[in-house]
Amino acid sequence: MDKLLIDGGVPLYGTVAISGAKNAALPLLAATLLAPGDHILHNVPDLRDTRTMLKLLEILGVTWQRTGKTIRINSDHLTGVEAPYDLVKTMRASVLVLGPLLARTGFARVSLPGGCAIGARPINYHLKGFEKLGVTTHLEQGYVEAAVEGRMRGGTVYFDIPSVTGTENVLMAAVAAQGETVIENAAKEPEVGNLVDMLVAMGAKIEGRDTDRLVIHGVQKLTAAESAIIPDRIETGTYMIAVAATGGSVTITDCNPGHLSALTDKLLLCGVNIEEMGESLTVSCPEVDGRSLCRLHSVDITTLPYPGFPTDLQAQFMALMAQGNGTAIIHETIFENRFMHVAELKRLGADIAIEGSRAVVRGIGRDKLCGAPVMATDLRASASLVIAALSASGQTEISRIYHLERGYEDMVDKLQALGARVEKIKA
Ligand code: EPU
């Protein structure tokens, strides 16, 4: 398995451009199943997960062509209705084909994802939502089979917790249902808004974008459309935290600073400088003793649905707080098992105790983490290890980096361009 070797303690300087958002690209790719014709998607990141989704679309009969960051997709002739276990087990977001397949063909068979490294992550809200639209679902040999006779009917769907992919899945089904569907307590993540824009471009009628109440007036016909993926706010946040951790000054371009208010607020409290300019922002550390490496104030965070602090940046922020001057309480409220990085961060010298859904991070100050061999456990945990390794003294070897490649485009090249001493070792 490939590894990353990082020689830490080097401040980052320069400019880095942000890629399209993984978590927006996946639902937008799935949405191309809704209507025949040539769909054009711009700014699609080339990641392990987007490749998996394209492979799944191919199994369903879709053809596609990539030119740079643009993908042209044709879904004139669907030849399958099943998302097989082999793909779903490598990427849970495969369940996003359920809604569009139901809308287009009235039937879908998708392997039940099972648990994963960050929690149980059931899809009961998705299924409950489809049932409100007249769909019957049942489990058959580990597969969810969902079917509807004729067109789905509009209905009211309420989510106990605002589920991102649940909202997206039900939304993609409801656009083709007969009559009006209301999704109450819908997720407001920018990736959902990106999908709403694409569906509207395809002819859907949706009100309430960016709110927790989406009203969908089903239409008879949708057509292929051209859309662009929004910048990845989690990749942006990861580089922001990396600069706060290593020191230096980096301008992050092609991003949407407005999507990162919760993180920006916390980093400012930590003592880091952030300057926003349109679609870019500069993160820098004030100089102390001739080095651009400020003392870090410890700051508490609680992960929440958007616009709250994203769970997808919790692990990275913890790597930063490990170097703070006091104690930070990190409260994870979205997933029940998202502290797998703690044991690995401790191998680098971090002082962290887990108390239920809270991690108590006693900062050990700057320049105190020490490189060590560590293992990545999931995508964002890997990013947190990279950040810790970049600021630790000595060398860190990170194994199982395939997790990282699921969601960060060209991370090694981007970090090297900022001056980081990072190298990928092929197994
Ligand atoms: N939940 C249920 N039942 C459901 C659906 C969700 O109980 O049917 C629970 C989950 O277990 C969790 C909470 O509701 O406790 C919220 O989960 P959500 O459904 O919003 O998560 P998701 O849609 O599966 C997306 C992202 C995740 C991100 C979460 C939260 C995609 C493809 N994935 O997952 O991204 O952490 O929203 O923001 O959009 C990542 O990129 O590393 C990643 C894990």
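These numbers come from a predicted model, not from an experiment. (Residues numbered from 1 in each chain as written. Predicted model: local features only at pLDDT ≥ 70, side-chain atom pairs only at ≥ 80, totals over all residues. Heavy atoms only, no water.)

1. Observations regarding the environment of K266
Note on placement: K266 falls in helix α9 (residues 261-270). In this structure K266 touches V299, D300, I301, F309 and F317, once residues within four positions along its chain are discounted. Polar side-chain contacts of K266 include one of 2.9 Å to the backbone oxygen of D300. (Helix = DSSP H or I, 4+ residues; strand = E, 2+ residues; numbered from the N terminus. Contact = heavy atoms within 4.5 Å. Polar contact = N/O pair within 3.5 Å; in protein donor to acceptor, adjacent residues only side chain to side chain.)

2. Quick notes on the sheet that holds strand β13 (residues 213-217)
The strand order across the open sheet built from 4 strands is β10-β11-β13-β12, with neighbouring strands paired in mixed fashion. Strand pairing shows two members of the sheet lacking a second neighbour, β10 (156-158) and β12 (205-207), which therefore form its edges. Pairs of neighbouring strands in the sheet enclose a mean axial angle of 15°, with direction left out of account. (Pairing = 2+ DSSP bridges. Axes fitted to C-alpha atoms, helices over the stretch in contact; angles between N-to-C directions.)

3. Quick word on helix α1 (residues 22-31)
Most of α1 sits inside the fold, with 9 of its 10 residues counted as buried. Looking at α1, one finds that the buried residues are K22, A24, A25, L26, P27, L28, L29, A30 and A31. (Buried < 20%, exposed > 50% of the residue type's maximum accessible area, 1.4 Å probe, protein only.)

4. Quick notes on the pattern of salt bridges
Overall, the coordinates contain 19 salt bridges when judged by the stated rule. Of the charged contacts in the structure, one is a salt bridge between E405 and R48, with a shortest N-O distance of 3.3 Å. Residue E405 is located in helix α13 (residues 402-405), and its partner R48 is located in helix α2 (residues 48-59); the two are separated by 357 residues in the primary sequence. The class of E405 is partly exposed, set by a relative accessible area of 24%. We classify R48 as partly exposed; its relative accessible area is 37%. Residue E82 is joined to R109 by a salt bridge in which the shortest nitrogen-to-oxygen separation is 2.8 Å. Pair noted here: E82 is in strand β6 (residues 82-83) and R109 is in strand β7 (residues 107-111), with a separation of 27 residues, a long-range link. The class of E82 is partly exposed, set by a relative accessible area of 30%. The class for R109 is buried, based on a relative accessible area of 16%. One salt-bridge network, in which partners are shared between bridges, spans D2, R48, E405, K424 and K426. (Salt bridge = Lys/Arg side-chain N within 4 Å of Asp/Glu carboxyl O.)

5. Overview of helix α12 (residues 379-391)
Here α12 is 13 residues long and its end C-alpha atoms lie 19 Å apart, about the 18 Å a rise of 1.5 Å per residue gives. In terms of burial, α12 is largely enclosed, as 13 of its 13 residues are buried. (Expected span 1.5 Å × (residues − 1).)

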